[in-house]
Structure formats: structure tokens, C-alpha cells
Amino acid sequence: MATSVAADGYPAGVNGAATEKLTKKLTDLPAELLELILCAPLLGHADVCSAARACRRLRDVCHGRGKVWGHQYKLRWPRLQRYYRQNECCDWLREYRTRHTVGLQIRRTVESISKRFFTEVPCVGQVLGDSFAEIQSLGAPEHFCEDELLFILNSDKWKSLTLKYYAKKILYFLRQQNILRSLKSFLEQSPEQQSALEGAVLVDQYCNPLADITLDGISDQLDEITDKVKKMLRIKNPSHPSLRGAPGGCFHVEDLELQRQAVCVLNCVLYEQLQYKGNEFDYYNPLNSYIHQVLQRHTGIPISLSVLYMMLARRLGVQIEPVNFPNHFLLRWCQKPRGSEDIYDFVYIDAFGKGKQLTAKECEYLIGHQVTADYYSAISTTEVLLRMVGNLLNIGKRGEGNEKSYQLLRDSLDLYLTINPDNVQYLLLQARLYFHLGIWPEKVLDILQHIQALDPSQHGAVGYLVQHTLEHIQHKKHPAPPEVKRRSDAEHQEVRYAAGLVMKHKRSGYNCVIYGWDPKCTMSQEWITTMRVNHLSSGADQPFYNVLVQDGTCRYAAQENLEPHTDPLEIGHPEVGRYFCEFADTHYVANEELETRYPDDVSETLCTVRRLYRTPPPSSGGNQGQPAQGTAAQAEQAAQAEQQAMPM
């Protein structure tokens, strides 16, 4: 007689009886004990869903506001716990569903970006405006979006490089938008409420949105320095009123002699004990302008050191004011008990020069020429920020035309125009920058319209840019198909290396990875002459390779100057993810977009690394030959399976 078999493979009668018996025993347990069991580390959300379907008793224990789903939520997304109060009563099941759905939507959006924005030549400062708009249109909580992007970035180190590349760009943009909103709220405060430290932190955060920089964290570091000053001050004067001031508090020491004691000790701690100094040897490094880097590296430029010095002095009860002195930012300290506006009643402090105290005349010696009395006046926090951002703008304009300098120029223009939105000079610079980089043409038109409204005399420059921007928009609507380079073509027979190989430059010694090639040099005659290509044995009549270099630059190298690296290593270039989806120990694996343009290079790269490094061929189940498509398909299947397991 045949035995009926259940779907799980057990005899139906035995399995049903055993399950019913086990369920009955479980449901006899107290609810608190059932919650404890269902919160076991080995159980995932699918297990909890299965338990909830078993019977009404377990379904009641697994209710949305209970400990079980709260545990599942916290276990899966620990970074999100800071958004909830301790022991907060919350519908954890609803939160779990929302976060899970947002994660799937974010991942699909990021996965689609490479197809839409890939360019074979690195597009410096590329803006993925449509994708940002897509994410914002989801209407999802921003902290859920950010958490999913961070999850992508913190996944396997050498895998999903293209996904991480675009996730990082989106996270950069989203954080900057939040910081801009905070800056606008800051600027709406009255001048008395605005803190130069908070403004400096906002500038720092905007230019470094992926760094962990908070106002509380910076304030804590200033409090630590203040404590060191107070410790030394207590030895010199145990009854000094600065010792009674609360950390971060605002108070004023009236007696000028007591102020001098505090300033003297501040100079001793800051410049002698902690060794803060002006960075004379690398003055135009943007790190000198970021307050978190000044605190970390103990060096800066006049304005950043002045903000630090001023905020420390105020913590000691000494009211010091910022002075927008030309070419060298200063501070002023009134020597009259009731205040004054006479420039000779102030001592001027050079925070860049180790706190040296100057007279008004000595300030002119510092810059080498005379100035009017207006330059000795105190300025507002907003003017301090404009000077600080103006310095960053100048550094960006001095840059070498690489990704970092363009990004700095873009960021500092954003900041400057947020503070002073009607500055025609910088609006025109922003429009020209975006036009030059070929990015965000719709925003270029908005900027140009604003310029025309502010200053009609700019119609010549505006008209030229409008015409060419409209042409660019039309070109985007009808893009040319990508050029496909096959190694089998007759003109490509001399191409020896393939995309994805890690190389070493024979003359310059740098390490790099190939992301493209030409059968002959395609650069201008001027470039060929400048780079002395004709001095090479094969001149310009040989294959040339586009390479990403370890130092962050992109170069165009002749075949005779390159050789495969004897010990392939990861290339720490910010654009690697644009072209490659994985680093496979001996080489980089091209993503789908790069493989479309160089369809024969994936197999050629694998053959080369097997020959050079004697690596075994990939197993039949591997995906090294077709990396991008296989990974995307597997991820989509996994997402669908997980979605089906979610409670509805």
C-alpha cells in the first residue's frame, strides 16, 4: 500500500502529527519565552514569517510592535538604531517592510546607472541628475536610502565595483543636498546666533560629505584643547574666572590683565605644547581649509587657524573678532574695557604666525602695503564663510584639471552661491564649468537665465552658452552608438594587451590598469610633440593605451612603454568602478559597458593572466567570462526570492 508523501518529503501522516505535537508544546510556553526563542541569532525574517503562519498563538507573539520584529530589524540594519529612541514603541514589521522595499528600489536604480551614464573617457565631475531625481521621487526616508547605499559600499572589497562606484556618487550627492539645507537654515539665523565654528563645519562637511564630520565631534575636540589650557592656567592663577566657565559656554572676562593671562596660556598650549602652525610649505592644499583636518594635522592657513583660535579664546571668556585683512586673515582683540572702534585701540593677532600680536602699523608690514581703516573692522560670520569658500575657489581654479580640482571648484561654487546667490561673476563661472565638463545642461540653462535677469549686459556670453547647451541637450537625446573594437580586425593585429590587465610603465615606474586602447596614437600633433612621442622607437605608429594610474591620474601610454606587472595589485583609482566590476587577484574584470566596447578583451585578458601567472582556468560554473550580466541576474533573482518571503 503506497504511503502519501507531503511536499517536504516526509510521510504526510507522521509529519503532520509530529508538527502538530511540537506546535502544541511550543504554544504552551509563556509569551516571553516564545519571544526569546524567536529572537535566537540563527533565525532570520523568513523563519519568523514561517513561525507566524504556523498557528494563531505564534502569530500573536510575532505581532508588528513586538520584540521579535524589533530584534529582526535591529539585527539586519544596526546603523539605523540611532534614529530611534531607546525602548521606543514602534511598528517594527512596518519599518522592516519599508526599509526592505527601499533597499530593493535603491539597488535597482544604482544597477541601471552604468548603462545610462557610461563614457569610455572619464567624465570629470559627472552628474547623475536623473538618477538622483529617481531616488528622491521614491519618497522614501532619507536615512533608509543612505543606509542601503552604505550597505552596498561596505560589501565585498573587490567585488561589485561598478555598483559601489555609482552608489558612492549618489551618496555624495544626497549628503550634499542635506548639508545645503542645513547651511540655508544657518544663514537664516540672526548674526548674533551664527557661530563661525558651525559655519566652518558646514563648509567642511559639504566638501567632504563621505567623511564622518559632526559639529558635536569638532566641539568636543575644542573642549579638549580648552581643558588643556585651563589645566595650565590653573597652575598660574587658581582663581582665574576662565576656570569657572562651563565647557562650550559663552561668558566674558572683564579684566584686561586676566584676559592677557588666558591668551598667553592659550598661545603656549596651542603653539608650543600641541605644535599648531601655519602650513607655509603646502599653503594651497585644500586640507588646510577644513576644520577637521586642521585639528587632525595641527596645521592650516590664516583663516582656518583664526577660526580655531577665536573659538578657543571665547571658551576662555576672551572676546576676539575676525578681521577680513587682505591677503592675510587676522583677529582683533580690544584693549579698552568699554569697547572701541578706533583701530589703534586693538591688538591684532596672527593665528598663522603662532599667535603673534601686532599693532595696526605692523599689520601693514605683514602684507607689504598700506590699507584703509575699513580693513581693520570686524566682520560677520557670513563674511568669514565667504572668505573661507573664496580661498577654496581659488585653489580649485589653480588645480591641474583633474577630478579632484574640478570637484573642489564645483563644491566651492555651490557653497559660495548658496551664501551669495546673485554674484554674477561666479554664476557665469559655474555655467562655464558645467558647460566645459558637459554635465547637467538643464541646470546650465537655469543659471544662464538667472544671470540674464541680474545683468542684461552679459547677453553675449549668455547667448553663446545657451546656443551650445541646447545643442548638447539635443545630442543627448540622440546619442551615437558606442564604437566597438574587435581584436580580430586587421588594423588591430598589433594590439598586444587587453582591457583589465594590470601593467607597469617601464620608464616612469607607475602601476596602472588598461581600460581602453587605440591601434595608433589618436592625440593631436601638439600633444605628440609635447610628450616627445616621436622619440619612441615606434613613435606614434603603435598601439596606445588608456590607463588608470595608481596616483589617481588617467594617462595615454605607448605599447612599448608598458609591460605586465609581475605581481598584479589593486589600483586605487577613483574611476576603477566605472569600467570594472571586480578585481580578480591577477586582473580586473570588465563590466558590461566596457565589454560591449571591447568584446574580445575579456577572453584575451584571461588567456594572458593564465599564461603569465599560471592561474587555473575558471570553472564551468564560474562567471569570469560574463561577470556583469551573471551578477546582475543573480542579484535580481535573490531580491525576488527575498521579496516573496517578506510578510505582507
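Procedures and definitions
Residues numbered from 1 in each chain as written. Predicted model: local features only at pLDDT ≥ 70, side-chain atom pairs only at ≥ 80, totals over all residues. Heavy atoms only, no water. Axes fitted to C-alpha atoms, helices over the stretch in contact; angles between N-to-C directions. Helix = DSSP H or I, 4+ residues; strand = E, 2+ residues; numbered from the N terminus. Parallel < 35°, antiparallel > 145°, perpendicular 65-115°, else oblique. Left-handed = near helix turned anticlockwise from the far one by under 90°. Contact = heavy atoms within 4.5 Å. Nonpolar A, V, L, I, M, F, W, Y, C, P; charged D, E, K, R; others polar. Pairing = 2+ DSSP bridges. Phe/Tyr/Trp six-rings, centres within 6.5 Å; stacked < 30°, edge-to-face > 60°. Buried < 20%, exposed > 50% of the residue type's maximum accessible area, 1.4 Å probe, protein only. Expected span 1.5 Å × (residues − 1). Arc of directions from axis to C-beta. Core = buried A, V, L, I, M, F, W, Y, C linked by side-chain atoms within 4.5 Å. Salt bridge = Lys/Arg side-chain N within 4 Å of Asp/Glu carboxyl O.

Caption draft 1: Representation of the packing of helix α18 (residues 424–437) against helix α19 (residues 441–454) within the structure. Relative orientation of the contacting elements α18 and α19 amounts to 155°, with a least axis distance of 9 Å. Judged on the interaxial angle alone, α19 and α18 are roughly antiparallel. Handedness of the crossing formed by α18 with α19: left-handed. Seen from α18, the contacting residues are Val424, Leu427, Leu428, Gln430, Ala431, Tyr434 and Phe435; seen from α19, they are Lys443, Val444, Ile447, Leu448, His450, Ile451 and Leu454. Here the residues of the contact of α18 with α19 are counted per class, giving 11 nonpolar, two polar and one charged.

Caption draft 2: Spotlight on the sheet that holds strand β3 (residues 321–323). Strand order in the open sheet formed by four strands is β3-β4-β5-β6, and the pairing between neighbours is antiparallel. Of all the strands in the sheet, just β3 and β6 (356–358) have a single pairing partner and so form its edges. Between one strand axis and the next, the sheet turns by 40° as a mean value, whatever way the strands run. For strand β5 (residues 346–350) and β6, the ladder comprises three bridges, and the chain directions are antiparallel. By the bridge assignment, Asp350 is partnered in β6 with Lys356. Here helix α15 (residues 360–367) sits on the sheet and contacts β4 (330–334), β5 and β6; the angle it forms with β6, its principal contact strand, is near 115°.

Caption draft 3: Structural context of the packing of aromatic side chains. Under the definition given, this model contains 25 aromatic pairs. Seen in terms of ring centroids, Tyr165 and Tyr166 are 4.8 Å apart; in terms of plane orientation they differ by 90°. Their pairing is edge-to-face. On the basis of relative accessibility, which here comes to 7%, the residue Tyr165 falls in the buried class. Centre to centre, the rings of Tyr283 and Phe352 are 5.9 Å apart; their planes meet at 75°, and the pair counts as edge-to-face.

Caption draft 4: Representation of helix α20 (residues 459–477) within the structure. Over its 19 residues, α20 extends 27 Å from the first C-alpha to the last, a length consistent with the 27 Å expected when each residue adds 1.5 Å. Among all positions in α20, only Val462, Leu465, Thr469 and Ile473 are buried. Burial along α20 is one-sided: seen end-on, the buried residues are contained in an arc of 80°. Where the residues of α20 are buried, they touch α18 and α19.

Caption draft 5: Representation of the nonpolar core within the structure. Core analysis: the biggest nonpolar cluster contains 84 residues, and Tyr276, Leu308 and Tyr309 have the highest contact counts within it. The element best represented in this core is helix α14 (residues 302–315), accounting for nine residues. Those residues in contact with Tyr276 that lie beyond four places of it in its chain are Ile225, Leu270, Tyr271, Val294, Leu295, His298, Thr299, Leu305 and Leu308. Among the nonpolar cores identified, the runner-up in size contains 41 residues, and Leu80, Tyr96, Leu163 and Tyr166 belong to it.

Caption draft 6: View of the pattern of salt bridges. In this structure the tally under the stated criterion is 18 salt bridges. Here Arg181 makes a salt bridge to Glu142, at a shortest N to O gap of 3.0 Å. Remark: Glu142 occurs in helix α8 (residues 142–153) and Arg181 occurs in helix α9 (residues 161–187); sequence separation between them is 39 residues. Given the relative accessible area of 43%, Arg181 is considered partly exposed. On the accessibility criterion, Glu142 (45% relative accessible area) is partly exposed. By sharing partners, the salt bridges in this structure join Arg79, Arg99, Arg107, Asp147 and Glu148 into a single network.

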